[in-house]
Amino acid sequence: MKLFCLLWIPLFYLFWSSISLDERLGSGGLWALLLGSIYAVAVFFFGPFIREEGGFGYSRWLSVSVDLVSVPALAPFVAFGLFLPFRVCRDFTRFPLLWLIPDMLIRIIAWSVRNDPTQLILVPLLRTALVMGISGCIRLIMRGKVPGIIIASLILLALPFGASSCYWFFFCQRPREGFILLAITLVPMALHCVFQYEQARIQGEKTLA
């Protein structure tokens, strides 16, 4: 489980880079790792931001959302948006993936004692699903078609809630609901990867022709 937590996001980043049609990250990759490291260190020393010592209610769900799942996956998009005027990076998929790597490395240190699969396996999966789902929705919105904008906007609203609730259900020992939400949360990521692969394949065929 520790190996999965350590390698999942870096390996997924390599997989995505192999099928991505976006331009190279350049200095944006360095900024992603640097800022992601600063964020990870700050969370390690000053977190959690919402302390929940016990219970399974709304406060626990909020703690999961802010400290473990949704906010850590959304933070790199905020930083990316701040970088847009300076044209440092335009790849809004690989930037957040790189951002997540330092945080997961530090989390392994904190989580290694408990060896909890909900932390070591579920958290990297859900964060990746959020990053990929959000970036896929951004691409859909950028196409400018009204149906796509509506669908993407609804997914953007629902995805963080679903990911946090997925972890919360597993934490509350309700695996059936957790697996259902996990499958739903992974759908946008899977579709994004499939569409990107098809675009890369078509582009490759045109280049060979």
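Computed from a prediction, not measured in an experiment: that's the story for all the values here.

(A) Just the overall build of the protein, in detail. A count of helices and strands for the protein gives eight helices and zero strands. Traced from its N-terminal end to its C-terminal end, the protein shows the element sequence α-α-α-α-α-α-α-α. For 209 residues, the compact-globule estimate of 2.2 N^0.38 gives 17 Å, and the protein sits close to it at 17 Å. With respect to the three principal axes, the spread of C-alpha positions in the protein is 60 × 35 × 30 Å. By the burial criterion, 46% of the 209 residues in the protein qualify as buried.

(B) Looking closely at the pattern of salt bridges. Under the criterion given, the structure shown has four salt bridges. Between D103 and R127 there is a salt bridge, with the nearest N and O atoms lying 2.6 Å from each other. Taken as a pair, D103 in helix α5 (residues 94-111) and R127 in helix α6 (residues 117-142) lie far apart in primary sequence, 24 residues in all. Classification of R127 as buried rests on a relative accessible area of 0%. Between E177 and R174 there is a salt bridge, and its shortest N-O distance comes to 3.5 Å. Salt bridges sharing common partners tie together D103, R107 and R127.

Conventions and cut-offs
Residues numbered from 1 in each chain as written. Predicted model: local features only at pLDDT ≥ 70, side-chain atom pairs only at ≥ 80, totals over all residues. Heavy atoms only, no water. Helix = DSSP H or I, 4+ residues; strand = E, 2+ residues; numbered from the N terminus. Rg over C-alpha atoms; globule rule 2.2 N^0.38 Å. Buried < 20%, exposed > 50% of the residue type's maximum accessible area, 1.4 Å probe, protein only. Salt bridge = Lys/Arg side-chain N within 4 Å of Asp/Glu carboxyl O.

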